[in-house]
Amino acid sequence: MTWIPWNTQLRELAKQCQYLEALTLYRQMLRCGSSPNAFSFPFALKSSASLPLPFSGQQLHCQVIKSGCSQEPFVLTSLISMYCKFSSLGNARKVFDENPISNQLTVCYNALISGYALNSRFFDVIALFCRMREMGVSVNSVTMLGLVPVFSEPGYISVGMCFHCCCVKLGLNLDFSVANCLVTMYVKCGAIEFGRNLFDEMPKKGLITWNAMISGYAQNGLAADVLELYRKMETAGVCPDAVTFVGVLSSCANLGAVSVGHEVEQRIESSRLGLNPFLNNALINMYARCGNLVKARAIFDGMPVKSVVSWTAIIGGYGMHGYGEIAVELFDEMIKSGIRPDGAAFVSVLCACSHAGLTEKGLEYFSEMKMKHRLQPGPEHYSCVVDLLGRAGRLNEALELIKSMQVKPDGAVWGALLGACKIHRNVEMAELAFERVIEFEPTNIGYYVLLSNIYSEAENLEGVLKVRVMMRERKLKKDPGFSYVEYKGRVHLFLAGDRSHPQKKEIYRMVDELETLVKKLAGCKDNEERRNKEALIDMGVHSEKLAIVFGLLNSEPGTEIVVIKNLRMCDDCHLFFKGVSKIVTRQLVVRDATRFHHFRDGHCSCKDYW
């Protein structure tokens, strides 16, 4: 058998990603006495790199040298790429430096640049590119596709912009793949406006382009922009794929846009993507965060194969809704089924325990995480446990846990302690937690408001004024509270004290009537006294009250109403909703900044533990 059919078979096997079979065929070729050549080695080297088999790759390298093929450009490039995939960058660079022709070949530079990028060698990438330009070696689109992803971190945005300019000078920005790569770079760096401007300027937009922008918006928490762009994508006649749907569903989850999410689910089914596990996980998360836990569970139960991500999504859903006992049962069931929990799974179950007041169970899981599952807790896990202890009133234990942390506590850890101080009105420890938390997040307005509320409840006017001065000096402004409810496919948004809605007269009339009735049920303060107090702090009627009353005015008796709120629910509104749920005899659901509250017949699913 001559070498031509051997090479043909090698190429086909490597092309079909049958790498083990390719190496087996290569050995068979050697046993048959056929000598490999410059057309054989690239496929064998690629197969060895993809498996990965470093020792096999080194043997192939020896054969390349013995055969005299080490000067062949494609063999040389394959060797460099192979060592880079093994993370053996020293050997890759040695291959590059010891072959004089490497300095003149674009493909060799491209292979090493991609290897450095793959291994996050930022400075080596820049140095090699500069050498490439000094040597007069031509730069092509493949060079830029290897370079640009390295700068997809916020700290490297200025360097990334320099390479964007370089692309423009060389005319490479007109290459469709390079333009897509630049859009991805900007959105990953958080430079959304630059990414959108480049996106808008592109004369041709393919599915990858739309997905890059949609995913960028989703990753940066700009859910409304995701949905707006998704509609434009549909209008442009571009057919979405699984990547598109994941970005859209995550945004629906953030916004509580259940009608759009349901529409996407129908598109998924019609596109025959219903068995895609990533989409099913996204659907579970979306329905759980939009308040439809029954639908989320149905999708979970219908999945033939459940990954740790699937279990984490449903556990987190039950935890968010306050059903900690069910979340715990599911977590234990997951372990019994042979699925090994990861860090994200432990965050979900610890949060569930915290929201449900399952303090001892949460502490048990935290211990098992380290001792049984050999997972090192990160700041996010400590934050959950501090919250767990803090809600239970065990503030000193929470503080001692922070002091004993094996990793440096971040803002979220100290923020959890500050939140617990608010619940239990511990001013002294709150001041300590506040000093620490603003070291990490000096512009997070929520912490300033939290401390101000702690001082206010303690009737410490001097403390309230001190916080306000700090906010003024640092030019920080409190985020406005808003809530919204979806009605007939349209979102109706309300700000605190909002009087812009067409139904404002009916809404405020019903608010007054309901507050009078709730007062009789629970002995609340007079409406006039409450309104005067709210007016003094420029608050007005809280937005969730306006949203729920709008829902009551416009929905059929007996139907559930779901309200989404951007801030944590206050005690007054929580009491109001409990009373209203008893008066109107239907379920009212509020998703605030931390969890769901299901109000029915005068009770809340959180059992006043939130």
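Residues numbered from 1 in each chain as written. Predicted model: local features only at pLDDT ≥ 70, side-chain atom pairs only at ≥ 80, totals over all residues. Heavy atoms only, no water.

**Comments concerning the overall build of the chain**
Part 1: Along its length, the chain carries 32 helices and six strands.
Part 2: Per-residue burial for the chain yields a buried fraction of 48% across its 610 residues.
Part 3: Of the contacts formed within the chain by residues at least 6 apart in sequence, a portion of 62% connects residues at least 24 apart.
Part 4: Working note: accessible area of the chain is about 29500 Å², and carbon and sulfur atoms make up 55% of it.
Part 5: Counting 67 positive and 62 negative side-chain charges, the chain places the averaged centre of each group 3 Å from the other. (Helix = DSSP H or I, 4+ residues; strand = E, 2+ residues; numbered from the N terminus. Buried < 20%, exposed > 50% of the residue type's maximum accessible area, 1.4 Å probe, protein only. Contact = heavy atoms within 4.5 Å. Areas by Shrake-Rupley, 256 points an atom, 1.4 Å probe, with all protein chains shown as cover. Lys, Arg positive; Asp, Glu negative; His and termini not counted. Charge placed at Lys NZ, Arg CZ, Asp CG, Glu CD.)

**What about a nonpolar patch on the surface?**
Part 1: On the surface, a nonpolar cluster with roughly 230 Å² of combined accessible area is contributed by Leu 20, Leu 51 and Leu 53.
Part 2: Within the secondary structure, Leu 53 sits in the loop between helix H3 (41-50) and helix H4 (54-67).
Part 3: Assessed through its relative accessible area of 31%, Leu 53 is described here as partly exposed. (Patch = residues over 30% accessible without salt bridge, like charges linked within 9 Å, V, L, I, M, F, W, Y side chains within 5 Å. Salt bridge = Lys/Arg side-chain N within 4 Å of Asp/Glu carboxyl O.)

**Notes on the nonpolar core**
Part 1: Residues Ile 80, Met 144, Leu 417, Leu 418 and Phe 434 are the most contacted members of the largest nonpolar core, which totals 158 residues.
Part 2: Of all hydrophobic cores here, the second largest spans 27 residues; its members include Ile 507, Leu 546, Cys 573 and Val 590. (Core = buried A, V, L, I, M, F, W, Y, C linked by side-chain atoms within 4.5 Å.)

**Remarks on the UniProt feature "repeat: PPR" (unreviewed entry) in the chain**
Part 1: Summarizing the sequence annotation, UniProt attributes the feature "repeat: PPR" (unreviewed entry) to residues 105-139, 206-240 and 307-341 in the numbering used throughout.
Part 2: For residues 105-139, the end-to-end C-alpha separation is 10 Å, with 74% helix and 0% strand making up the annotated structure.
Part 3: Between the first and last C-alpha atoms of residues 206-240 the distance is 10 Å; the span itself is 74% helix and 0% strand. (UniProt positions renumbered as here; feature names shortened; annotations may be inferred.)

**Focus: the sheet that holds strand S2 (residues 490-495)**
Part 1: A sheet is described by the order of its strands in space; here six strands give the open sequence S2-S1-S3-S4-S5-S6, paired in mixed fashion. Both outer strands of the open sheet, S2 and strand S6 (603-604), are each paired with one neighbouring strand and no more. (Pairing = 2+ DSSP bridges.)

**Re the environment of Met 405**
Part 1: One can find Met 405 in the loop between helix H24 (395-403) and helix H25 (411-424).
Part 2: A residue is classified by how much of its surface remains accessible, and Met 405, at 11% relative accessible area, is buried.
Part 3: Each C-alpha atom of the pair Met 405 and Arg 591 lies 32 Å from the other, and the pair is 186 residues apart in sequence.
Part 4: Those residues within four positions of Met 405 in sequence are excluded, and the remaining contacts are Pro 379, Tyr 382 and Val 413.

**A word on the pairing of S2**
Part 1: Pairing geometry for strand S1 (residues 482-487) and S2, over six bridges, is antiparallel. Bridging from a neighbouring strand, Ser 483 pairs with Phe 494 of S2.
Part 2: The loop that links S1 with its antiparallel partner S2 comprises two residues; one of these, Lys 488, has a positive phi angle of about 55 degrees.

**Quick look at helix H18 (residues 293-302)**
Part 1: Where H18 is concerned, the buried positions are Leu 293, Ala 296, Ile 299 and Phe 300. An end-on view of H18 places all buried positions within 125 degrees of arc, on one side of the element. Turned more than 90 degrees away from the buried face of H18 sit Val 294 and Gly 302, all of them exposed.
Part 2: Contact partners of the buried residues in H18: helix H16 (258-270), helix H17 (277-289) and helix H19 (308-320). (Arc of directions from axis to C-beta.)

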